[in-house]
Amino acid sequence: MTDDSTATASTATASTALRCFGDGDPLYEAYHDDEWGVPLHGEPALLERIALEGFQSGLSWITVLRKRPAFRELFEGFDPERVATFGPDDVERLLADARIIRNRMKIEATIDNARAVVALHDSGRTLDELFWSFAPAPEDRRRAATFGDIPAWTDESKAMSKAMKKEGFRFIGPTTAYAAMQACGLVDDHLATCPVVLGRAGAAEPGAAT
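What counts, and where the lines are drawn
- Residues numbered from 1 in each chain as written.
- Predicted model: local features only at pLDDT ≥ 70, side-chain atom pairs only at ≥ 80, totals over all residues.
- Heavy atoms only, no water.
- Helix = DSSP H or I, 4+ residues; strand = E, 2+ residues; numbered from the N terminus.
- Buried < 20%, exposed > 50% of the residue type's maximum accessible area, 1.4 Å probe, protein only.
- Contact = heavy atoms within 4.5 Å.
- Areas by Shrake-Rupley, 256 points an atom, 1.4 Å probe, with all protein chains shown as cover.
- Salt bridge = Lys/Arg side-chain N within 4 Å of Asp/Glu carboxyl O.
- 1 Å grid on protein atoms, 1.4 Å probe; cavity = no way out; pocket = protein on both sides within 12 Å on 5 of 7 lines; lining within 4 Å.
- Points joined across faces, edges and corners; volume = space filled by probe spheres on them.
- Nonpolar A, V, L, I, M, F, W, Y, C, P; charged D, E, K, R; others polar.
- Axes fitted to C-alpha atoms, helices over the stretch in contact; angles between N-to-C directions.
- Parallel < 35°, antiparallel > 145°, perpendicular 65-115°, else oblique.
- Left-handed = near helix turned anticlockwise from the far one by under 90°.
- Phe/Tyr/Trp six-rings, centres within 6.5 Å; stacked < 30°, edge-to-face > 60°.
- Lys NZ or Arg CZ within 6 Å of the ring centre and 35° of its normal.
- Disulfide = S-S within 2.5 Å.

**Some details on the overall build of the protein chain**
Phase 1 of the analysis: Within the protein chain one finds 10 helices and zero strands.
Phase 2 of the analysis: Starting at the N terminus and walking to the C terminus, you meet the elements of the protein chain as α-α-α-α-α-α-α-α-α-α.
Phase 3 of the analysis: Per-residue burial over the protein chain gives 44% buried out of 210 residues.
Phase 4 of the analysis: Across the protein chain, every contact between residues at least 6 apart in sequence was considered, and the portion connecting residues at least 24 apart equals 68%.
Phase 5 of the analysis: In the structure as shown, the protein chain presents an accessible area of about 10100 Å², 52% of it carried by carbon and sulfur atoms.

Right, dumping it as structure tokens:
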């Protein structure tokens, strides 16, 4: 998820600090607090996040969040085995459903990505292990003060994009790959002033990492 918001919290308390994004919308707040930056595993869950990051390109993330229940319904829970069987009739069915983002290239890319996951399984591998192999070492990262300090892509996301494209994945350029890394917790880009971070610090034992 990419966002142009900049956190400018004026206090150092988790109860009053501004979120990195999402303040004022309960759905967006819940995503920020409970999902963004939290480690995520599992084939359907990862396929969903990769797909939705692709659908988000050029749009706001809250638009995607509001449509996520319909995406999950129409893409059968993002079960790779099921989505991989979708054909031309399914593409037309999806294009006709106004509950989701109707973009032919992105719909077809999601189907192709499901097929790429199935191909990984056929070769004895998983999307989970491929995706998580690009997680940077946490000690190599410093928590940013503003969104302007967070990169749009990294060496790891560039390598992920290259490797996944080689495996047949589409709509997974370095920037989308990095957004997916943020969404799935490979990196934790909550800002230093974010209430999520401040809350962890307040709950931690003295000297514990946050």
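Let's pick the thread back up.
**Quick notes on the pattern of salt bridges**
Phase 1 of the analysis: On inspection of all chains with the given rule, the structure shows 19 salt bridges.
Phase 2 of the analysis: The residue D112 makes a salt bridge to R115 at a minimum N-O spacing of 3.5 Å. Taken together, the positions of D112 and R115, both in helix α6 (residues 104-122) and three residues apart, correspond to about one turn of that helix.
Phase 3 of the analysis: Two residues, D188 and R143, come together in a salt bridge whose shortest N-O distance is 3.3 Å. Of this pair, D188 sits in the loop between α9 (174-183) and α10 (195-203) while R143 is found in the loop between α7 (127-132) and α8 (155-166), placing the two residues 45 residues apart along the sequence.
Phase 4 of the analysis: The partly exposed category is assigned to D188, whose relative accessible area is 24%.

**Let's talk about the layout of surface pockets**
Phase 1 of the analysis: Quantified by volume, the largest pocket comes out at close to 360 Å³.
Phase 2 of the analysis: If you trace the largest pocket, you find 20 residues lining it, with P138, R141, R142, V187 and D188 closest to the centre.
Phase 3 of the analysis: Per-class residue counts for the lining of the largest pocket are 11 nonpolar, three polar and six charged.

**Observations regarding empty space enclosed by the protein**
Phase 1 of the analysis: Overall, the coordinates contain one cavity of 30 Å³ or more when judged by the stated rule.
Phase 2 of the analysis: Around the largest cavity, the lining residues are I50, A51, G54, F55, K106, A109, T110, N113, R170 and F171.
Phase 3 of the analysis: Counting only elements with at least two residues in the lining of the largest cavity, the list comes to α2 (43-56) and α6.
Phase 4 of the analysis: Broken down by class, the residue content of the lining of the largest cavity amounts to five nonpolar, three polar and two charged.

**Brief notes about the packing of α8 against α9**
Phase 1 of the analysis: At a minimum axis distance of 8 Å, the contact between α8 and α9 shows a crossing angle of 110°. Taken together, the axis directions place α8 and α9 in an arrangement best described as roughly perpendicular. As α8 runs across α9, the sense of the crossing is right-handed. Contacts from E156, S157, K158, M160 and S161 in α8 reach P174, A177, Y178 and M181 in α9.

**Details of unusual backbone geometry**
Phase 1 of the analysis: The phi dihedral of F78 is positive, around 55°, even though this residue is not glycine.
Phase 2 of the analysis: Within the secondary structure layout, F78 lies in the loop between α3 (61-74) and α4 (80-83).
Phase 3 of the analysis: You can call F78 buried: its relative accessible area is 0%.

**Details of the packing of aromatic side chains**
Aromatic ring pairs are defined here through the distance separating the ring centres and the angle between the ring planes.
Phase 1 of the analysis: Applying the stated criterion across every chain, the model contains 11 aromatic pairs.
Phase 2 of the analysis: Between W36 and F147, the ring centres sit 6.3 Å apart and the planes meet at 40°, which makes this aromatic pair tilted. Of this pair, W36 sits in the loop between α1 (26-34) and α2 while F147 sits in the loop between α7 and α8; the two residues are 111 residues apart in sequence, bridging distant segments of the chain.
Phase 3 of the analysis: The exposure class of W36 is buried, given its relative accessible area of 1%.
Phase 4 of the analysis: An angle of 10° between the planes, with centres 5.3 Å apart, marks the rings of F75 and F78 as stacked. Note on accessibility: F75 and F78 belong to one class, buried.
Phase 5 of the analysis: An aromatic cluster is defined as three or more aromatic residues linked by ring pairs; in this entry it consists of F21, Y28, Y31, W36, W61 and F147.
Phase 6 of the analysis: Across from the ring centre of F86, 5.4 Å away, lies the NZ or CZ of R93, which sits over that ring.

**Observations concerning the state of the cysteines**
Phase 1 of the analysis: Under the defined criterion, the tally for this structure stands at zero disulfides.
Phase 2 of the analysis: Here C20 stays free of any disulfide, with the sulfur of C194 as its closest cysteine sulfur at 3.6 Å.

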